[in-house]
Amino acid sequence: MKSSKLCISVFIFFASFTTLLACSEVLQQKPEPAQPALPANVVNYIQKEPLKPEDPMAAAPSEIQFNSPKIETKKITKIKTPVEKKYTDNTPTSNESLKATFPVYITDIDGREIIFDSPPERIIAFDSAAVETLFAIGEGHRIIGTHDYVSYPPEANSITKVGDAFNMDVEAVVGLNPDLVYLFYPSFKEQLENAGLKVLLIPTIGDDISEMADHFRMWGRITGGVMESNNLADDFEGRILNIEAALEPYTEGPSVFQDVGGLWTPGNDTLVGNVFKLLKLQNIAHDIEGYQQISPEVIVERNPQYIISSYSDTFSDDPKYSGVVAVKNGSIYIPSADYLSISGPRFLMGVDELANFIYPGIFK
Amino acid sequence: MNEGIYLKNLEFSYSDLSVINGITTEIKAGEIVSIVGPNGAGKTTLIKLIDGLIKPSIGEVLVHNEKVHRLSSRNRARLISYVPQNPRLPGNMKLIDFVLLGRNPHLSLVEWENEKDIRTAITAMELTEVSHLANRHLEEMSGGELQMGMLSLALTQESPIMLLDEPTSNLDLSHQAKIMSLIKKTHQTKNGVTILAIHDLTLAAQYTSRVILLSEGRIFADGTPSEVLTVKNLSETYGANVVIMPHPSGGTPVVLPVTENYPSTT
Amino acid sequence: MTTPVTPKNQKSLLPWRRIVVWIFVSLACCVLAASIGSVSIHPMETIMITLSKFPFINVDKTWEDSSYTILWEIRFPRILLALLVGASLSVAGATYQGLFRNPLADPYFIGVASGASLGATLVFLTNVPTIIGNFNVLPIAAFIGGTGAVAIAYKISSTSSNTKLATLILAGIAIGSFTTAVTSILMIRTEPDLRPLLSWIMGGFIRAKWADSMFLLPYLIPSFLLVCIYSRILNTIQLDEEYAESLGVNTERTKKVLIIVSTILTAAAVSFSGLIGFVGLVAPHVVRILWGGDYRSLIPTAALVGGSFLVLSDLMARTVVSPGELPVGIITALFGAPFFIFLLIKNRSNIY
């Protein structure tokens, strides 16, 4: 029958097309360096020499001396290269007066300048990181409204809630008569501006961790708490430097895979990806862009030494992964809290926790 | 009463509308009966009641001495076949597959049609002269051919009782005569009952031996065609003027509607 | 008496040749899918590993452990599950289409999809442990949700003597909308990391294990057999209900049986694969357009066609954005829809 033949030929076409498409993807892949399975309980990182740092992490970012004579001591200077700031900052640079000066100009996401003639007294901070930052610099009393999922610090629990993470009750916000509304995504910006409110929306932290410190400084300038914010920012940057220093002796850390649920994983161009870079961890999802679901085959093939997942039984109970090093060694890290999902002062606690799991005792 | 149909005190209503208002009658084996009456008299409803497709509110239908509702669907279908008026048919079904559905009552759940079944179906189609259309899809067939197809289906069921609802409505002249004579012929080959609901009174008189005239859900008249189809009966039930003449071939009453001005004859 | 045209005499009622051909096609698709993936495994290795699983063949181990794991624990279970789920959805879809005499019916027609989503959402978003005893809670919750929704719709639409199909459809839509609304509320009101839940809803075989197919088979095999047995009756009920009843079909019992069986089939499939659209709607139509609507041949052929299609779709889903994966429902729609449109144009006669 003619249409039978037609169907069969279309089916063959479909199958061949599928095959071609599949094969082409596979052929384009870079060959993965075979990762030899590490013997259990012996984690052999590539490092220059055994490391014995003695200074606690809280040390100021001046000099960190290592006792081992084989390692060259060197002055730790600010090795961070100047990062192009995403919002312009018209105030004098940080080594000048730590006094608050007004007016303050902040460039928002659309390139407009938002002017502050005086510190805002009634802030709707619709963002967990902003809330934590404001409390950390002692300006939390200015916050009159935030969203449902803010849980830190405990003082924030008594703040009026004006919506969940993605739905803002605009009427409630207007009714609270704020003099600044701070958003982290654009959905309600126009509505609020049309209601006559002052709205600040700055670009989100891209993939550069040190931008967070700049955000702390920004809040300092807006609220007048310049000194506190500078301390917070300097401390933050210092801690990053400490981490970098502590990891200096390592050329390469172990391989890692993070599952944020359903095998969705962050690529190298995400904030989390940059945390891995900071900790010199090899993200097995390095060729993934943003967040994507990864194929289980790839996990097995690339054999991560560590798995980070809140759903650990995805891996420990599944026969697919029984041969993976991380599963065999029980090296599955379950983050204790969401530190790494809030780009605020506690972010580095998440980094520390992860670092301590992977490089035990590195900061002592 | 053994191989016939017995209707006892039948009443039926669709919510508030009472359609059948008390019918009691008996139809014996060997009878070919037409049910006539004006629109809304209850012809189709009566047919469905006899086939057990709807339940009477009062009264009962006995077929072969069994209450028709007590019978399982399968046993009922072995006794009674039904040709509905204008059913919705699946267009892409082939005629032969359609006609073979008539074998359903004779097949258990897991059985499929065998040679004998197929031969029965083909014989039925030959009888109705549609066997050359066996591979045609139902949607490609004319009204007349479909009606013959449905009749083949009913014949394939090989049931003693056959109920037909307006078998001639969609047919042209030649098919009308054909189907009526076919129905009569098949009726004569078995000792069963054939009941037709029909609005063409002349055909009813010509091909059936008993006419039941329904009006407002009751039997108005019941008897031979000449007895029932009188000017008086028809004007009372249909509210129309008619002229009745003997059929040139056979002498059965021919009913002709006329305008009010026509001089009435007895 | 000569019988001029006897189509039935010429071919057997079950098109054995076609079924055997499609069994081979399905196997070929499985073989193709096993050989290709994000990780390249040499075809020789694939063959050796497969042969080694046969009890009476001795093969020296010349492959990597990871290759073995990928083939045996990832690809094979995935392919098998895709085959079974594709077959289940196609059979359920065909049955609903026949039962409701409605070409738009798909397996999710009367509320299975939304009910199963609600079950899955409850598991994902509450703190229910994902494994109780030896059982994975998620499929059980999805199954209960799916069958529960249909059961409620069925109860609403049937009296002691009669189930009105039109009412059942409407009840299913109403229940479906309600459960979808509840699911949406749950999703919005809970701390959002909705990715695992959304990826379940979008459907896929990324988590497939051997255990999944083993759990699915006891639902699948009896349901499939029962539908096949009822396939002649399904033909008969293509006439309207009264006509079918007059032909000896116990329409009430038939409706009950077919609804229960199809719902179980769909709910079981969905429990493990999430909601994969398009297969259950289109595979039966493709078979109908090409080979006619006799349910006795439609059911087994649709099962094989749907199964193969889903195996190939899954192959594409896991290779086109390698090393990432796409939800398989996107692939089934992207490739299935144009092919279906092409068939419709080619066969402009009524498809139903």
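Residues numbered from 1 in each chain as written. Chains lettered and ligands numbered in written order. Predicted model: local features only at pLDDT ≥ 70, side-chain atom pairs only at ≥ 80, totals over all residues.

(A) Highlighting the overall build of chain A. Secondary structure assignment for chain A yields eleven helices and 17 strands. Classification of the 364 residues of chain A by burial places 37% in the buried group. Taking the contacts inside chain A whose residues are at least 6 apart along the sequence as the reference set, 53% of them involve residues at least 24 apart. (Helix = DSSP H or I, 4+ residues; strand = E, 2+ residues; numbered from the N terminus. Buried ≥ 20, exposed ≤ 12 C-beta atoms within 10 Å, placed from the backbone. Contact = placed C-beta atoms within 7 Å.)

(B) Geometry of the sheet that holds strand E17 (residues 332-333) of chain A. Residues and elements named next belong to chain A. One open sheet holds the four strands; their spatial order is E14-E12-E16-E17, and the pairing between them is parallel. Unpaired on one side and paired on the other, strand E14 (282-283) and E17 mark the two borders of the sheet. Strand direction decides the pairing type here: strand E12 (residues 255-259) and E14, joined by two bridges, are parallel. Paired with Ser 255 across the two strands is Gln 282, which belongs to E14. (Pairing = 2+ DSSP bridges.)

(C) Representation of the pairing of E12(A) within the structure. All names here are of chain A. Most of E12 is tucked away, with five of its five residues classed as buried. Burial along E12 is two-sided: the face carrying Ser 255, Phe 257 and Asp 259 and the face carrying Val 256 and Gln 258 are both buried. One ladder, built from four bridges, connects E12 with strand E16 (residues 306-309); its direction is parallel. The partner of Asp 259 across the bridge, within E16, is Ser 309.

(D) Local environment of the pairing of strand E9 (residues 210-215) of chain B. Residue and element names in this part refer to chain B. With four bridges joining them, strand E3 (residues 32-36) and E9 adopt parallel strand pairing. Following the sheet pairing, Val 36 is matched in E9 by Leu 213. Across five bridges, the pairing between E9 and strand E10 (residues 218-223) is antiparallel. When the bridges of E10 are listed, Ile 212 appears paired with Asp 222. Counting the residues between successive antiparallel strands, the hairpin from E9 to E10 contains two residues, one of them, Glu 216, with a positive phi of roughly 50°.

(E) View of the domain arrangement of chain A. Residues and elements named next belong to chain A. Here chain A is described as being made up of domain 1 (8-77 + 251-358) and domain 2 (97-237). Of the residues lining the interface, 14 residues belong to domain 1; the matching set on domain 2 comes to twelve residues. Sort the elements by how many residues they give to the side of domain 1 that touches domain 2 and helix H7 (residues 271-278) lands first, with five residues. Across the side of domain 1 that touches domain 2, the residue classes tally to seven nonpolar, five polar and two charged. (Domains from an automatic or database assignment. Nonpolar A, V, L, I, M, F, W, Y, C, P; charged D, E, K, R; others polar.)

(F) Broad picture of helix H4 (residues 115-127) of chain B. Residues and elements named next belong to chain B. Compared with an ideal rise of 1.5 Å per residue, which puts 13 residues at 18 Å, H4 spans 18 Å between its outermost C-alpha atoms and is within 8% of the ideal. Along H4, the positions that sit buried rather than exposed are Ile 118, Thr 120, Ala 121, Ile 122, Ala 124 and Met 125. Positive phi shows up at Glu 129, right after H4, with a value of about 60°. (Expected span 1.5 Å × (residues − 1).)

(G) Main features of the interface of chain C and chain B. Contacts between the two partners involve 27 residues from chain C and, on the opposite side, 32 residues from chain B. When residues of the side of chain C that touches chain B are traced back to their parent elements, those giving at least two are helix H1 (7-10), helix H10 (231-236) and helix H11 (241-246) of chain C. Ranked by residues supplied to the side of chain C that touches chain B, first place goes to H11(C) with four residues. Of the residues contributing to the side of chain C that touches chain B, the split by class is ten nonpolar, eleven polar and six charged.

(H) Highlighting the packing of helix H4 (residues 65-100) of chain C against helix H9 (residues 210-229) of chain C. All names here are of chain C. Close contact between H4 and H9 brings their axes to 10 Å; oriented N to C, the two are set at 30°. By the angle class used here, H4 and H9 are roughly parallel. The interaxial crossing formed by H4 with H9 has left-handed handedness. Judged by residue contacts, Pro 77, Leu 80, Leu 81, Leu 84, Ser 88, Val 91 and Thr 95 of H4 engage Trp 210, Asp 212, Ser 213, Leu 216, Leu 220, Phe 224 and Val 227 from H9. Along the lines of polarity and charge, the residues of the contact of H4 with H9 split into ten nonpolar, three polar and one charged. (Axes fitted to C-alpha atoms, helices over the stretch in contact; angles between N-to-C directions. Parallel < 35°, antiparallel > 145°, perpendicular 65-115°, else oblique. Left-handed = near helix turned anticlockwise from the far one by under 90°.)

(I) Examining H9(C) more closely. Residues and elements named next belong to chain C. Here H9 spans 29 Å end to end across 20 residues, near enough to the 28 Å set by a 1.5 Å rise per residue. If you look at H9, its biggest bend is around 35°, right at Leu 217, and the proline Pro 218 turns up within four residues after that. Restricting attention to buried positions, one finds in H9 the residues Asp 212, Ser 213, Leu 216, Leu 220, Ser 223, Phe 224 and Val 227. (Bend = angle between axes of the 7 residues up to and from the residue.)

(J) Layout of the sheet that holds strand E5 (residues 66-67) of chain B. Residues and elements named next belong to chain B. Strands sit in the order E2-E1-E4-E5 across an open sheet of four strands; the sheet is antiparallel. Looking at strand neighbours, the two that pair on one side only are strand E2 (17-27) and E5, the edges of this open sheet. As judged from the five bridges shared by strand E1 (residues 5-14) and strand E4 (residues 58-63), these two strands associate in the antiparallel manner. Within E4, the position partnered with Tyr 6 by the bridge is Leu 62.

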